[in-house]
Amino acid sequence: AVVSTQSTGILCCHRCLELLGRLPASNRLFLVRQLERIAIVDFVSELPEEISLSILQYLDPASLVEASLVSYEWHRLTSDVELWRTVCLSARLHLSYHSPQPVSYYRTAVARHLNLLSALQDESGSEIRTVQPPAHQCRVLCVTANSRHMYSAGDDRKVCGWELGPNMEPLPSRTCQSPSCMDSTEELVVVGQYNGCISIISSDLSRVIATCSRHMGPVYDVRCHEHNNTLISGSSDCTLRVWELRTGEAVHVFRGHETMISRVLPLGSRVFSLDIARVNVWSLEEKKHLHTLKPITIGGKEGYFQPGLVHGTFLGGSHGTYDVISVGSSSGVYIWKAADYTLLRVVTSPGYVCAEHVIGLGSLFIAVTYDDGVALIDTVTGSHTHTLRIPQFNNSNCGIWVNMNAPWLSGGGGVRDLPVFVAASHSGDVAGFYLRSP
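Each value, and the rule that gives it
Residues numbered from 1 in each chain as written. Predicted model: local features only at pLDDT ≥ 70, side-chain atom pairs only at ≥ 80, totals over all residues. Heavy atoms only, no water. Helix = DSSP H or I, 4+ residues; strand = E, 2+ residues; numbered from the N terminus. Contact = heavy atoms within 4.5 Å. Areas by Shrake-Rupley, 256 points an atom, 1.4 Å probe, with all protein chains shown as cover. Phe/Tyr/Trp six-rings, centres within 6.5 Å; stacked < 30°, edge-to-face > 60°. Buried < 20%, exposed > 50% of the residue type's maximum accessible area, 1.4 Å probe, protein only. Pairing = 2+ DSSP bridges. Axes fitted to C-alpha atoms, helices over the stretch in contact; angles between N-to-C directions. Arc of directions from axis to C-beta. Lys, Arg positive; Asp, Glu negative; His and termini not counted. Salt bridge = Lys/Arg side-chain N within 4 Å of Asp/Glu carboxyl O. Polar contact = N/O pair within 3.5 Å; in protein donor to acceptor, adjacent residues only side chain to side chain.

Caption draft 1: Quick peek at the overall build of the chain. If you tally the helices and strands in the chain, you get nine helices and 30 strands. A separation of at least 24 residues holds for 45% of the contacts in the chain among residues at least 6 apart in sequence. A total of about 21200 Å² of accessible surface is found on the chain, and carbon and sulfur atoms cover 53% of it.

Caption draft 2: Broad picture of the packing of aromatic side chains. Considering all chains together, one arrives at six aromatic pairs under this definition. With a centroid separation of 6.5 Å and 65° between ring planes, the pair formed by Phe272 and Tyr341 is classed as edge-to-face. Pair noted here: Phe272 is in strand 15 (residues 270–274) and Tyr341 is in the loop between strand 22 (332–337) and strand 23 (343–347), with a separation of 69 residues, a long-range link. With respect to burial, Phe272 and Tyr341 carry one shared label: buried. Consider the rings of Tyr334 and Trp336, whose centres lie 5.3 Å apart with planes at 20°: the pair is stacked. Exposure class is identical for Tyr334 and Trp336. Each is buried. Linked through ring pairs, Phe305, Tyr334 and Trp336 together constitute an aromatic cluster.

Caption draft 3: Quick peek at the sheet that holds strand 15. If you walk across this open sheet you meet the four strands as 14-15-16-17, and the pairing is antiparallel. Edge strands, defined here as strands with exactly one partner in the open sheet, are strand 14 (263–267) and strand 17 (288–293). Ignoring which end each strand starts from, the neighbouring axes of this sheet average 20° apart. By the bridge criterion, five bridges tie strand 16 (residues 279–283) to strand 17 in an arrangement that is antiparallel. Residue pairing across strands places Trp282 opposite His289, the latter belonging to strand 17.

Caption draft 4: Seen up close, helix 4 (residues 49–56). What helix 4 keeps buried is the set Ser52, Leu53 and Leu56. Projected down its long axis, helix 4 shows its buried positions confined to an angular sector of 95°, all on one face. Its buried side turned inward, helix 4 meets helix 3 (43–46), helix 5 (61–67), helix 6 (72–77) and helix 7 (81–90).

Caption draft 5: Representation of the side chain of Arg278 within the structure. Structurally, Arg278 can be placed in the loop between strand 15 and strand 16. The charged side chain of Arg278 is buried without a salt bridge, its nearest counter-charge being Glu258 at 4.1 Å. Here Arg278 is in contact with His257, Glu258, Ser273, Thr292, Leu293, Lys294 and Phe305, once residues within four sequence places are set aside.

Caption draft 6: Layout of the sheet that holds strand 6 (residues 179–184). Reading across the sheet, the four strands line up as 6-7-8-9 and stay open at both edges, with antiparallel pairing between neighbours. In this open sheet, the two edge strands, each paired with only one partner strand, are strand 6 and strand 9 (208–212). Adjacent strand axes in the sheet meet at a mean angle of 20° when their direction is disregarded. As paired elements, strand 8 (residues 198–202) and strand 9 share four bridges and run antiparallel to each other. Paired with Ile201 across the bridge in strand 9 is Val208.

Caption draft 7: Structural detail: the pattern of salt bridges. Counted according to the given criterion, the structure contains seven salt bridges. Close ionic contact of Glu186 with Arg148 constitutes a salt bridge, the shortest N to O distance being 3.8 Å. Here Glu186, found in the loop between strand 6 and strand 7 (188–193), pairs with Arg148, found in the loop between strand 2 (140–145) and strand 3 (149–154); they are 38 residues apart in sequence, far enough to count as distant. Linking Asp221 and Arg223 is a salt bridge whose minimum nitrogen-to-oxygen distance equals 3.1 Å. Beyond isolated ion pairs, a larger network of salt bridges with shared partners links Glu49, Glu73 and Arg76.

Caption draft 8: The pairing of strand 14, seen in detail. Burial within strand 14 is extensive, with four of its five residues counted as buried. Sheet topology note: the strand 14/strand 15 ladder contains five bridges and is antiparallel. Opposite Leu265, over in strand 15, you have Phe272 as the bridge partner. Counted along the chain from strand 14 to the antiparallel partner strand 15, the turn is two residues long, and its residue Gly268 has a positive phi close to 65°.

Caption draft 9: Region of interest: helix 7. Residues of helix 7 that are buried include every one of Leu83, Trp84, Arg85, Val87, Cys88 and Leu89, and no others. Of the residues flanking the start of helix 7, the one acting as N-cap is Asp80, its side-chain oxygen 3.2 Å from the backbone nitrogen of Glu82.

Caption draft 10: Main features of the environment of Gly312. Considering the arrangement of structural elements, one finds Gly312 in strand 20 (residues 305–315). According to the relative accessible area criterion, Gly312 is buried, its value standing at 6%. Here the alpha-carbon distance between Gly312 and Lys337, two residues 25 residues apart in the chain, equals 10.0 Å.

Remember that the coordinates give geometry; whether it matters functionally is a separate question.
Put into structure tokens, the structure is as follows:
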């Protein structure tokens, strides 16, 4: 249909030129003068104000700023509060207030957004602090961090830690039989292992507080849930287990998966568990299954989920902010409402085979891993805003931890003295990545 329309338009142009060529020179000059008069008419100023504002609301925030500089009349039109609010919400800019605010508030939000994008696109806007000497003598399997320390575990059966800061002072390392995944709070470090055990260690790595050993296969994900003082673990034995966080005492086991559980995500009184074919939702209080999320079928082919399950905030245009769950898949990144499991959208991003490995979700960007680094995908357009390559990094074999308070995900605010993420490599390096203030 598009090709047909284009062909028709080209044919009409040829016919018009042919007819113009038959006219006398004086008639052609008359037509040119009439067209010049039409071309210089400012239709935005001439149209009724309601129509002009309806046209201007299709601009993006940066273009609206430029439009306000065209003339006095355009500046008056673009000073409409509701116009700015509509444009900013459509672009999913980070707004602290969803009720109408002065125009200066929205202009400031646009300036902050543009400065942030400039910092992301400029390599000098980021800083990498690599641990020296290398943390491990072999591949690093998993990493995590809290507000004071970051930790890693590798194939050399060591758990290492460092104080966050310019010097990255090391903590005493601890032996761990076969680490596979880890998580941390301000007081504890939890390490899941391939032998089915889970070690709960003090934050300074000085002692092992408890060991959990009920899983019958490798533990692929552990999450500390301080909301109700529990620890959640998922394993290749297709079970989701709940433990007392500080003692390691078994609390409950959920069964219902047919394949290994690759990710778990506690959220309030619920916990989400991911395998390749579904996301199951469980009630921690009622100890029962609540809901199942599945990938949609596209082109007659069933989709499948990738090992990435995150919780974040999503700006839903004029409808405000949504609490959401996001999962990567073979067909794109799924974003569901956390409250009622409504599918908001599937963000597709062509060009990256591994762009569905989701590691973070904010109001502006989705953070994903690809072959040798991290990419930020715009939640609206699906375009790649920024990519950061990490030497020796491979998303399927190395650990990565994301700071969900990072301003490059949320679009504003955030904790700037923490790394935006911590990544590990095959060569044993562990590094914290910081975004400098724009």
